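Here is how the chains run, residue by residue.
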Amino acid sequence: MFAVGATVAAASDSGGSASSGTSSRAPGRYSPDAGFARDMAVHHQQAVEMSFIVRDRTGDEPVRSLAYDIANTQANQRGMLLGWLDLWGLPKVIADEPPMSWMAASDGEAGGDGGHHGHDMGAAKPGALMTGMATKEELAALGAAHGRDAEVLYLQLMTDHHKGGVVMARGCARQCATPAERALAQGMVEAQQSELTLMADMLKQRGAAPRG
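Residues numbered from 1 in each chain as written. Predicted model: local features only at pLDDT ≥ 70, side-chain atom pairs only at ≥ 80, totals over all residues. Heavy atoms only, no water.

## Some thoughts on the state of the cysteines
Argument step 1. Evaluation of the coordinates by the stated rule reveals 1 disulfide.
Argument step 2. Linked covalently through their sulfurs, Cys172 and Cys176 form a disulfide whose S-S length is 2.2 Å. Taking the sign of the S-S torsion, -125° for the link of Cys172 and Cys176, the bridge is left-handed. For the pair Cys172 and Cys176, a shared accessibility class is recorded, and that class is buried. (Disulfide = S-S within 2.5 Å. Buried < 20%, exposed > 50% of the residue type's maximum accessible area, 1.4 Å probe, protein only.)

In structure tokens, the structure reads:
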């Protein structure tokens with residue numbers, strides 16, 4: 001809790017007054033800083049949900065341990081992101097803001113990789129809110145699975161989820177103006193890439209592989 005509080009305070013100091021978070025230096029309503037915080041909070045919430053589902057569907061300790069780590073880490077990061085929005089005096093939800101629009105708005109402004117960035121952003125699959133996120137049907141299938149089937153589906157869904165999360169976090173690491181938020185985003189990239197390697201190995205051990 002102390003670490004979370006310190007990180008939120010650092011974001012407040014870099015973006016405005018620590019007491020209000022709403023000075024002229026605070027991120028704008030539609031800035032990459034605010035958009036990333038809103039979108040990644042939603043993205044993380046689904047990862048936490050999937051992790052709790054699989055912990056009740058298998059007794060496999062490696063999978064249960066991974067699920068616990070992901071749920072704990074992403075719940076804490078979600079708290080930071082929502083805390084920053086509060087400090088900045090910004091809404092946690094904007095009805096007319098399409099998911100990931102903060103990335104498209106800054107596309108082409110990050111040096112020479114603007115076109116590549118736009119390509120990486122990708123599109124959410126039908127029925128999913130953002131890139132990498134599972135659909136309601138996939139969540140229902142995970143909730144109905146047991147044992148190895150649940151383990152494989154969880155690892156496949158979380159692999160997709162992490163890939164989408166890495167795309168978003170890289171966007172913030174390039175575009176966000178708040179140093180503490182950029183640092184958090186870069187940390188997400190590195191941690192989730194490491195977990196992607198781990199999950200590929202775990203799938204291989206179960207005779208499966210990541211989905212296309």
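## Observations concerning the packing of aromatic side chains
Argument step 1. Under the definition given, this model contains 2 aromatic pairs.
Argument step 2. Measuring from ring centre to ring centre gives 5.7 Å for Phe36 and Trp102, while their planes differ by 80°; the resulting arrangement is edge-to-face. Pair noted here: Phe36 is in helix H2 (residues 32-55) and Trp102 is in helix H4 (residues 101-105), with a separation of 66 residues, a long-range link.
Argument step 3. Ring geometry for Trp84 versus Trp88: centroids 6.2 Å apart, planes at 25°, classification stacked. No difference in accessibility class separates Trp84 from Trp88, as the two residues are buried. (Phe/Tyr/Trp six-rings, centres within 6.5 Å; stacked < 30°, edge-to-face > 60°. Helix = DSSP H or I, 4+ residues; strand = E, 2+ residues; numbered from the N terminus.)

## A short note on the pattern of salt bridges
Argument step 1. Inspection of every chain in the model, using the stated rule, returns 9 salt bridges.
Argument step 2. Of the charged contacts, one joins Lys92 and Asp86 as a salt bridge, the two residues approaching to 2.5 Å between their closest N and O atoms.
Argument step 3. What makes Lys92 partly exposed here is its relative accessible area of 38%.
Argument step 4. By relative accessible area, which is 47% here, Asp86 ends up partly exposed. (Salt bridge = Lys/Arg side-chain N within 4 Å of Asp/Glu carboxyl O.)

## Comments concerning helix H7 (residues 147-175)
Note that an α-helix has 3.6 residues per turn; residues three or four places apart therefore point the same way.
Argument step 1. A rise of 1.5 Å per residue sets the reference length of H7, with its 29 residues, at 42 Å; its end C-alpha atoms lie 42 Å apart and thus fit the reference within 8%.
Argument step 2. Counting buried positions along H7 gives 22 out of 29 residues, so the element sits mostly inside the fold. (Expected span 1.5 Å × (residues − 1).)

## Quick notes on H2
Argument step 1. The terminal C-alpha atoms of H2 lie 34 Å apart, and with 24 residues this matches the ideal 34 Å at 1.5 Å per residue to within 8%.
Argument step 2. Within H2, 19 of the 24 residues are buried, which leaves it mostly tucked inside the rest of the structure.

## Notes on the packing of helix H3 (residues 61-87) against H7
Argument step 1. Running from N to C, H3 and H7 cross one another at 35°; their axes reach a closest spacing of 11 Å. Seen along the crossing, H3 lies across H7 with a hand that is left-handed. Of the residues in H7, those in contact with Val63, Leu66, Ala67, Ile70 and Gln74 of H3 are Glu151, Tyr154, Leu155, Met158 and His162.
Argument step 2. When its residues are assigned to classes, the contact of H3 with H7 shows 7 nonpolar, 2 polar and 1 charged. (Axes fitted to C-alpha atoms, helices over the stretch in contact; angles between N-to-C directions. Left-handed = near helix turned anticlockwise from the far one by under 90°. Contact = heavy atoms within 4.5 Å. Nonpolar A, V, L, I, M, F, W, Y, C, P; charged D, E, K, R; others polar.)

Functional significance is not addressed by these values, which are geometric in nature.
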